[in-house]
Amino acid sequence: MLRQSLVEYAKPLKSTEAPTPAVSGSEVLLRVSHCGVCHSDLHLQDGYFDLGGGQKLDVSANRPMPFTLGHEIAGVVEAAGADAAAVKQGQRYAAYPWIGCGKCALCARGDEHLCNAPRVLGVTVDGGYATHVVVPDPRYLLDVTGIAPEIAGALMCSGLTGYSAIKKASAYLRAGPLLIVGLGGVGMMGLQFARAITDAPILVADIDPQKRAAALRLGASEVFDPADAGARRAIIKASGGGAGAAVDFAGSDKSLNFAQGAVAKGGAVVIVGLIGGSFSLPVPMFPLRALTIMGSYVGSLAEARDMLALVQAGKVAPIPVELRPLAATNAALDDLRAGRVVGRVVITP
Ligand SMILES: [Zn+2]
Ligand SMILES: [Zn+2]
């Protein structure tokens, strides 16, 4: 099989060739049809996440080189082990990439995406910037009938992340409307899922006027510029006391401060973004405001199924996609790094 592999951190990907894996047991071999290029691939290529304020999170351990990135995978079944015989050859699927060890308590309760011994496709085991990928069990193959194959993989990352965060926030909307902070790709998906799962009004805050205009087109009831000194007050006024829940899709000290300042008593902030920075709040404010602050990381396998059902029901507009061949994977990463990408680049091995 052909791959575009990481051979050294902070260096370009290289073409590598390896024997196409023979599958056994419950394993399934997918012929990759599409693999989305994601911002987190840039951090994996670097070997660290920038946490802001000069702090770095090293993510370079336990990744044997050459390593194949790519976690937004859709493909067609080419072979299956004896215990996966029910999977039909030629069937098209998206691969749920956030796979855990399958043995720990987190995995047992269905939170494989939080497992501490993960087998995440394209992050801790070889992924989809290749002609083939091994999926350890058919349970991670999700039916994407009716969904364009070029977006099916990306739904497993930005779609699932947006859906899971909105789902968490939706439990707090008794206290007021929903506020979305940051309308990048994930925030945009989140807004659409919010429209699909709640009747609550949706407020959107973003510093970019084009994104605010896009939010109104996608059904936001009101938009705000967080750089405007009066924005927080305007949100409190528009929501009659504050948002019930705010989802921070940016994840910086600024965005979190803004988000928490705009939620009502009894409300919650769900942090999704990973821009970085530090946050402090006087401890008594948590009980006095009955405030909840929580994080959300991708989403569970069950949530992935629920999210795909909403997409299949036509509740989510397709994201703009640009297709590129496998050999152009490194150029796609460079373009993403340089901010030259509009929508999503998807590799077609
Ligand atoms: Zn991703
Ligand atoms: Zn586990």
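Residues numbered from 1 in each chain as written. Chains lettered and ligands numbered in written order. Predicted model: local features only at pLDDT ≥ 70, side-chain atom pairs only at ≥ 80, totals over all residues. Heavy atoms only, no water.

Asks: Explain the overall build of the protein residue by residue, including any values.
Replies: Of regular secondary structure, the protein possesses ten helices and 17 strands. Its C-alpha atoms give the protein a radius of gyration of 20 Å, near enough to 20 Å, the size a compact globule of 349 residues would have. Its C-alpha atoms give the protein principal-axis dimensions of roughly 60 × 40 × 40 Å. Residue burial in the protein is summarised as follows: out of 349 residues, 51% are buried. Contacts in the protein between residues far apart in sequence, at least 24 positions, make up 68% of those at least 6 positions apart. When the accessible surface of the protein is summed, it comes to about 15,300 Å², and 55% of that surface belongs to carbon and sulfur atoms. If you average the places of the 31 positive and of the 29 negative side-chain charges in the protein, the two averages end up 5 Å apart. (Helix = DSSP H or I, 4+ residues; strand = E, 2+ residues; numbered from the N terminus. Rg over C-alpha atoms; globule rule 2.2 N^0.38 Å. Buried < 20%, exposed > 50% of the residue type's maximum accessible area, 1.4 Å probe, protein only. Contact = heavy atoms within 4.5 Å. Areas by Shrake-Rupley, 256 points an atom, 1.4 Å probe, with all protein chains shown as cover. Lys, Arg positive; Asp, Glu negative; His and termini not counted. Charge placed at Lys NZ, Arg CZ, Asp CG, Glu CD.)

Asks: Just give me the short version of the coordination of the zinc ion (ligand 1), but keep the residues and values in it.
Replies: Coordination of the zinc ion (ligand 1) by the protein comes from Cys-38 (SG), His-71 (NE2), Glu-72 (OE) and Cys-157 (SG), over a distance range of 2.0 to 2.3 Å. Each of the four donor atoms bound to the zinc ion (ligand 1) contributes to angles spanning 95 to 124°, and the resulting shape is tetrahedral. Overall, the relative accessible area of 9% leaves Cys-157 in the buried class. (Donors = N, O, S within 2.8 Å, 3.2 Å for Na, K, Ca; no water. Tetrahedral: all angles 85-135°; square planar, octahedral: opposite > 155°, others 65-115°.)

Asks: If you had to explain the nonpolar core to someone new, which residues and values would you point to?
Replies: By size, the foremost hydrophobic cluster in this structure holds 60 residues, and its most contacted members are Tyr-96 and Met-307. Considering each element in turn, this core owes the most residues, seven residues, to helix H3 (residues 149–170). Here Tyr-96 is in contact with His-113, Leu-121, Tyr-140, Leu-142, Met-156, Leu-160, Gly-299, Ser-300, Leu-301 and Ala-304, once residues within four sequence places are set aside. Of all hydrophobic cores here, the second largest spans 19 residues; its members include Leu-178, Leu-191, Ala-215 and Val-272. (Core = buried A, V, L, I, M, F, W, Y, C linked by side-chain atoms within 4.5 Å.)

Asks: Please provide a residue-by-residue account of the environment of Gln-55, values included.
Replies: Structurally, Gln-55 can be placed in strand E5 (residues 55–58). In this structure the C-alpha to C-alpha distance between Gln-55 and Gly-277, which are 222 residues apart in sequence, comes to 8.8 Å. Each residue touching Gln-55, except ones within four places of it in the same chain, is listed here: Phe-49 and Asp-50.

Asks: Give a detailed account of the pattern of salt bridges, specifying residues and quantitative values.
Replies: For the structure shown, the criterion picks out nine salt bridges. With a shortest N-O distance of 2.5 Å, Glu-72 and Arg-344 are connected by a salt bridge. On the criterion of sequence distance, the pair formed by Glu-72 in strand E6 (residues 72–80) and Arg-344 in strand E17 (residues 344–348) is long-range, its members being 272 residues apart. A residue is classified by how much of its surface remains accessible, and Glu-72, at 1% relative accessible area, is buried. The partner of Glu-112 in a salt bridge is Arg-139, with the nearest N and O atoms 2.3 Å apart. (Salt bridge = Lys/Arg side-chain N within 4 Å of Asp/Glu carboxyl O.)

Asks: Now, about the environment of Glu-78: what can you tell me, with residues and values included?
Replies: Considering the arrangement of structural elements, one finds Glu-78 in strand E6. Residue Glu-78 is classed as partly exposed on the basis of its relative accessible area of 33%. In this structure the C-alpha to C-alpha distance between Glu-78 and Val-32, which are 46 residues apart in sequence, comes to 9.5 Å. Aside from chain neighbours lying at most four places away, what touches Glu-78 is Leu-29, Arg-31, Gln-89 and His-132.

Asks: Would you mind going over the side chain of Arg-344 in detail, with residue names and values included?
Replies: Judged by relative accessible area, Arg-344 falls into the buried class, the value being 15%. Engagement of the side chain of Arg-344 in a polar contact is seen with the side chain of Glu-72, the distance being 2.5 Å. Excluding residues within four positions of it along the chain, Arg-344 makes contact with Val-37, Cys-38, Glu-72, Ala-154, Ser-158, Ile-319, Pro-320, Val-321 and Glu-322. (Polar contact = N/O pair within 3.5 Å; in protein donor to acceptor, adjacent residues only side chain to side chain.)

Asks: Give a detailed account of the layout of surface pockets, specifying residues and quantitative values.
Replies: Space inside the second largest pocket adds up to approximately 190 Å³. The wall of the second largest pocket is formed by 14 residues, among which Leu-121, Val-125, Asp-126, Val-133 and Val-134 lie closest to the centre. Of the residues forming the lining of the second largest pocket, the biggest block, three residues, is contributed by strand E8 (residues 132–135). Among the residues making up the lining of the second largest pocket, the classes are represented as eight nonpolar, two polar and four charged. (1 Å grid on protein atoms, 1.4 Å probe; cavity = no way out; pocket = protein on both sides within 12 Å on 5 of 7 lines; lining within 4 Å. Points joined across faces, edges and corners; volume = space filled by probe spheres on them. Nonpolar A, V, L, I, M, F, W, Y, C, P; charged D, E, K, R; others polar.)

Asks: So what's going on with the packing of aromatic side chains? Residues and values would help.
Replies: Throughout the structure, instances matching the rule amount to three aromatic pairs. Each ring, one from Tyr-96 and one from Tyr-140, has its centre 6.4 Å from the other, and the planes form 15°; the classification is stacked. Of this pair, Tyr-96 sits in the loop between strand E7 (92–95) and helix H2 (105–108) while Tyr-140 sits in the loop between E8 and strand E9 (141–143), placing them 44 residues apart in sequence. The pair Tyr-96 / Tyr-140 is uniform in exposure class, with both members buried. Consider the rings of Trp-98 and Tyr-297, whose centres lie 6.2 Å apart with planes at 70°: the pair is edge-to-face. One end of the pair, Trp-98, is in the loop between E7 and H2; the other, Tyr-297, is in the loop between strand E15 (292–295) and helix H9 (301–312), with 199 residues separating them in the sequence. A relative accessible area of 4% places Trp-98 in the buried class. Its guanidinium or amino end placed over the ring of Tyr-48, Lys-56 lies 4.2 Å from that ring's centre, counting from NZ or CZ. The ring centre of Phe-67 lies 5.6 Å from the NZ or CZ of Arg-63, which sits over that ring. (Phe/Tyr/Trp six-rings, centres within 6.5 Å; stacked < 30°, edge-to-face > 60°. Lys NZ or Arg CZ within 6 Å of the ring centre and 35° of its normal.)

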